[in-house]
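Letter by letter, the chains look like this.
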Amino acid sequence: MSNIQWTGITANPIHLVKADGRHGGHWCHKISPGCLHCYAEAMNLSNYFVFASGLAYSGTVPVNMVFSSIIMEKLVKMKKGERIFIFSMTDCFGDWISNDWLDLAFAYMVIASQHTFQILTKRPERMPDYFRSAKERIRKTVEDLRRELKLPPAEFVWPIPNLWLGTTIENQDCTKRIPYLLETESVVWFLSCEPLLERVTIKKEWLDQIDQVIIGGESGPGARPCDLDWIRFMVRQCQSAEDVAIFVKQLGSNPILSACYIDGVATTYQKLKLKDKKGGTIEEFPEDVRFRQFPVPRQMLSSSLSL
């Protein structure tokens, strides 16, 4: 079970291995301001987790990175459907991840149709070309896997009905990622505005196409401030758009009120006092930001309208 409120469990089929074959942790590469206090890197550097590799999310790609079909086969065998944040510890659209690994991962997701898979990337520019070229490769891989796993054939549907695609928008500059997301076929497009680092305006023509917006302040040691007004402004934008599910995950560990800004730096503000150290208890939210909504995939909407 995950402590990330918008998902059920996490899964990471791409990871590192130790010399003795045991799980060796994870790796990614920081690329934007939202990566500064990366929780995945903190876990990877921690002495608490047995699998931690001790590697920072920088430098060169580790040579001991593998794709684990075992992890994906476990998901296939699960009877109960879950909402799964897959690749939570790395960015699967990083240039160190091969198309072959992506094809295999998505083929397993097709077969594990009882689940809903959520993918979040800070590198959506790779997605449109990848998915345009990958359809037939994934279909063929699905056929091969079904034979290998002794599963019966099944209809191949595109876009993948149980796959949601999202990108992170932590500041205004990162809104440039949104067009790449919208160029990629998907039954659900979502944005994760976390950590929300400033007041962000999203073009209405983009937001009208988005199915879900997740909003949250930064948590953990050294968390940067998140002004409640930024969250409120994002909520109001979503409310004025068409059918956007709003999910306010957390106010963060450093939520502030009534901030006065000079050159983008808060000069006067009031710290919002919360019992939850991550600001994730919805009962502590102001009423106007108490939203925990999930989207309905467009394929399901189309089916219901046709009945």
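Each chain carries its own residue numbering, running from 1 in the direction its sequence is written. Owing to the predicted nature of the model, reporting of local features is limited to residues with pLDDT of at least 70; listing and counting of side-chain atom pairs is limited to 80 or more, with chain, interface and lining totals taken over all residues. Side-chain measures here rest on the full set of heavy atoms in the structure, leaving out hydrogens and waters.

Visitor: Outline the environment of Val66, supporting the account with residue identities and numerical values.
Guide: For Val66, the location among the structural elements is in strand E3 (residues 65-67). Separated by 135 residues in the primary sequence, Val66 and Thr201 place their C-alpha atoms 39 Å from one another. Discounting chain neighbours no more than four positions away, the residues touching Val66 are Pro13, Ile14, His15, Val17 and Trp101. In DSSP terms, a helix is any run of H or I states spanning at least four residues, a strand is any run of E spanning at least two, and both are numbered starting from the N terminus. Any two residues whose heavy atoms approach within 4.5 Å at even a single point are treated as in contact.

Visitor: Describe the nonpolar core, and please don't skip the residues or the numbers.
Guide: Ranked by size, the top nonpolar core spans 77 residues in total, and within it Phe106, Met109, Ile119, Val213, Ile231 and Val248 carry the most contacts. A per-element tally of this core places helix H3 (residues 99-111) first, with eight residues. In contact with Phe106, not counting residues within four places along its chain, are Phe93, Ile119, Tyr130, Phe131, Ile138, Ile160 and Leu163. Remark: nonpolar core denotes a set of buried residues (Ala, Val, Leu, Ile, Met, Phe, Trp, Tyr, Cys) joined through side-chain atoms within 4.5 Å. Summary of the burial criterion: residues with accessible area below 20% of their type's maximum are buried, those above 50% are exposed, and those between are partly exposed, where the area comes from a 1.4 Å probe applied to protein chains only. One finds Ile4, Phe85, Val188 and Phe190 within the second-largest nonpolar core, a separate group that totals ten residues.

Visitor: Please provide a residue-by-residue account of the sheet that holds strand E5 (residues 116-121), values included.
Guide: Two strands are counted as paired when DSSP detects at least two bridges linking them. If you walk across this open sheet you meet the seven strands as E1-E4-E5-E6-E7-E8-E10, and the pairing is parallel. Only two strands of the sheet have a single neighbouring strand rather than two, namely strand E1 (9-11) and strand E10 (245-250). Strand after strand, the sheet turns through a mean of 25° between neighbouring axes, direction not considered. Pairing between E1 and strand E4 (residues 83-86): three bridges, direction parallel. Bridge assignment links Ala11 to a residue of E4, and that residue is Ile86. Axis lines are fitted through C-alpha atoms, for helices just across the contact stretch, and the angle between N-to-C directions can take any value from 0 to 180 degrees. Contacts from H3 reach E4, E5 and strand E6 (163-168), with the element oriented near 150° to E5.

Visitor: Before we move on, could you go through empty space enclosed by the protein and cite the residues and values that matter?
Guide: Cavities and pockets were defined on a 1 Å grid built over protein atoms only: a cavity is a set of grid points that admits a 1.4 Å probe from which the probe cannot escape, a pocket is an open set flanked by protein on both sides within 12 Å along at least five of seven lines, and lining residues are those with an atom within 4 Å of any such point. Grid points are joined across faces, edges and corners, and a volume is the space filled by probe spheres set on the points. A complete count under the given rule lists one cavity of 30 Å³ or more for this structure. The space that makes up the largest cavity amounts to roughly 50 Å³. In terms of lining residues, the largest cavity is bounded by Phe131, Trp158, Pro159, Ile160, Leu163, Leu165, Glu185 and Ser186. All amino acids are sorted into three groups, where Ala, Val, Leu, Ile, Met, Phe, Trp, Tyr, Cys and Pro are nonpolar, Asp, Glu, Lys and Arg are charged, and the leftover types, Gly among them, are polar. When the residues that make up the lining of the largest cavity are grouped by side-chain class, the tally is six nonpolar, one polar and one charged.

Visitor: Describe the layout of surface pockets, listing the residues and the values that go with them.
Guide: The computed volume of the largest pocket comes to approximately 1300 Å³. When residues of the lining of the largest pocket are traced back to their parent elements, those giving at least two are helix H1 (39-45), E5 and E10. Take the lining of the largest pocket: its biggest share by element is five residues, from H1. For the lining of the largest pocket, a count of residues per class yields 20 nonpolar, 20 polar and ten charged.

Visitor: Got a sec to walk through the side chain of Glu218? Specific residues and values, please.
Guide: In this structure, Glu218 sits in the loop between strand E8 (212-216) and strand E9 (226-227). Here Glu218 falls in the buried class, since its relative accessible area comes to 6%. Polar contact is defined as a pair of N or O atoms within 3.5 Å, subject to the rule that within protein one atom must be able to donate a hydrogen and the other to accept it, and that residues adjacent in sequence are counted only when both atoms are side-chain atoms. Polar side-chain contacts of Glu218 include one of 2.8 Å to the side chain of Arg224.

Visitor: Describe the side chain of Gln212, and please don't skip the residues or the numbers.
Guide: One can find Gln212 in strand E8. Filtering out sequence-adjacent residues up to four positions away, Gln212 remains in contact with Trp164, Trp189, Phe190, Leu191, Val244, Ala245, Phe247, Gln293, Phe294 and Pro295.

Visitor: Kindly report on helix H4 (residues 127-148), identifying the contributing residues and their values.
Guide: The angle separating two fitted axes, one through the seven residues that finish at a residue and one through the seven that start at it, defines the bend at that residue. Its maximal kink placed at Ala134, H4 deviates by approximately 55°. Of the positions making up H4, those classed as buried are Met127, Pro128, Tyr130, Phe131, Ala134, Ile138, Thr141, Val142, Leu145 and Arg146. Summarising the contacts, the buried residues of H4 are in contact with H3, E5, E6 and helix H5 (178-182).

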